[in-house]
Amino acid sequence: MGYVAFVLLIVSLLQVAKAEITEVSSLFETKLSEYSERAKELSKHQLSPNDISQLTEAAMSIIDDMRAKTISEKLQCTSISLRYLDGQSFPDMSRHTGNSECDQRIVGFTIASYTLYRLLDKELVSAIVQKSPLELVSILRELDVFFKFVSAEPQDFGHGVFREKQDDTVIVFATNDAILRIMKSLIYQNFLSKNRVIYKMSRVTSQIANAGAGEVNREALEGIVSNLKRNTRDDARITIYIPKEST
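A short tour of the structure in this document, coming up. None of the values given here were measured: they were computed from a predicted structure.

1. Observations regarding the packing of aromatic side chains
Right, so step 1: On inspection of all chains with the given rule, the structure shows ten aromatic pairs.
Right, so step 2: On the basis of an interplanar angle of 45° and a centroid distance of 5.8 Å, the ring pair of Tyr-84 and Phe-90 is categorised as tilted. The same class applies to Tyr-84 as to Phe-90, namely buried.
Right, so step 3: Between Phe-146 and Phe-147, the ring centres sit 5.7 Å apart and the planes meet at 65°, which makes this aromatic pair edge-to-face.
Right, so step 4: By the ring-pair criterion, three or more aromatic residues cluster together here, those being Tyr-84, Phe-90, Tyr-114, Tyr-117, Phe-146 and Phe-147.
Right, so step 5: One residue, Arg-95, lies across the ring of Tyr-84, its end atom 4.5 Å from the ring centre.
Right, so step 6: Lying across the ring of Tyr-114, Arg-118 places its NZ or CZ 5.2 Å from the centre.

Structure representation (structure tokens):
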């Protein structure tokens, strides 16, 4: 193959990849918008069992899409596990010392979104819908960023070794450097672009992050969900601010 033909092939492949990414993003935004509008409408009155079922199925459809696109198609595995380079399980807060307050909140967000990836299922989604349907809008966006993090191309963020495959599991090395180079950039791109000053994490992820590493199991998450109120406004939500020049 000649040089010009090779360059044209690469350009063509990049265009296809960009189109696929745009298509996936567009589908996510469309389905999330549909869920959000329906949730706003239904939040004005007492939810019926049918309302709960419809919203739960809509939210699960979005989660299933994210899992399929990231885990099955892009990473070609059945599960994801966050660890450190020495094989130890994530999170371990002793690996994240010396961070600024802002950077430590990025670590907290990573812990919380990983917890949701591991524990969030249809039963918990239904419980969240019953308590606060609109809470899921923020949670779904946060999960979207988590899936972008684990499937990121590290070289695009100036990072080195980031993933390896062991049998049917992809190991993601969630080192402090990886989180502050990749997750921090993704949070800025997805939550803090367009001149937004801060991002307020959802109430669920905020409480998981506040609980500390390793303290939120299934029972604890059920407790967090059971205490949700219908109104999504909450001064206890963790705020993240990233100066543009630091990304």
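2. Quick notes on the nonpolar core
Right, so step 1: Grouped together as the largest cluster of nonpolar side chains are 71 residues, with contacts concentrated most on Tyr-35, Leu-82, Phe-149, Val-150 and Ile-187.
Right, so step 2: Beyond its immediate chain neighbours, meaning those up to four positions away, Ile-187 contacts Ile-106, Phe-109, Val-145, Leu-192, Ile-240 and Ile-242.

3. Comments concerning the side chain of Asp-103
Right, so step 1: Secondary-structure assignment places Asp-103 in helix H3 (residues 101-119).
Right, so step 2: On the accessibility criterion, Asp-103 (13% relative accessible area) is buried.
Right, so step 3: Here the side chain of Asp-103 touches Lys-184 through a polar contact of 2.8 Å, side chain to side chain.
Right, so step 4: Aside from chain neighbours lying at most four places away, what touches Asp-103 is Leu-180 and Lys-184.

What counts as what
Residues numbered from 1 in each chain as written. Predicted model: local features only at pLDDT ≥ 70, side-chain atom pairs only at ≥ 80, totals over all residues. Heavy atoms only, no water. Phe/Tyr/Trp six-rings, centres within 6.5 Å; stacked < 30°, edge-to-face > 60°. Buried < 20%, exposed > 50% of the residue type's maximum accessible area, 1.4 Å probe, protein only. Lys NZ or Arg CZ within 6 Å of the ring centre and 35° of its normal. Core = buried A, V, L, I, M, F, W, Y, C linked by side-chain atoms within 4.5 Å. Contact = heavy atoms within 4.5 Å. Helix = DSSP H or I, 4+ residues; strand = E, 2+ residues; numbered from the N terminus. Polar contact = N/O pair within 3.5 Å; in protein donor to acceptor, adjacent residues only side chain to side chain.

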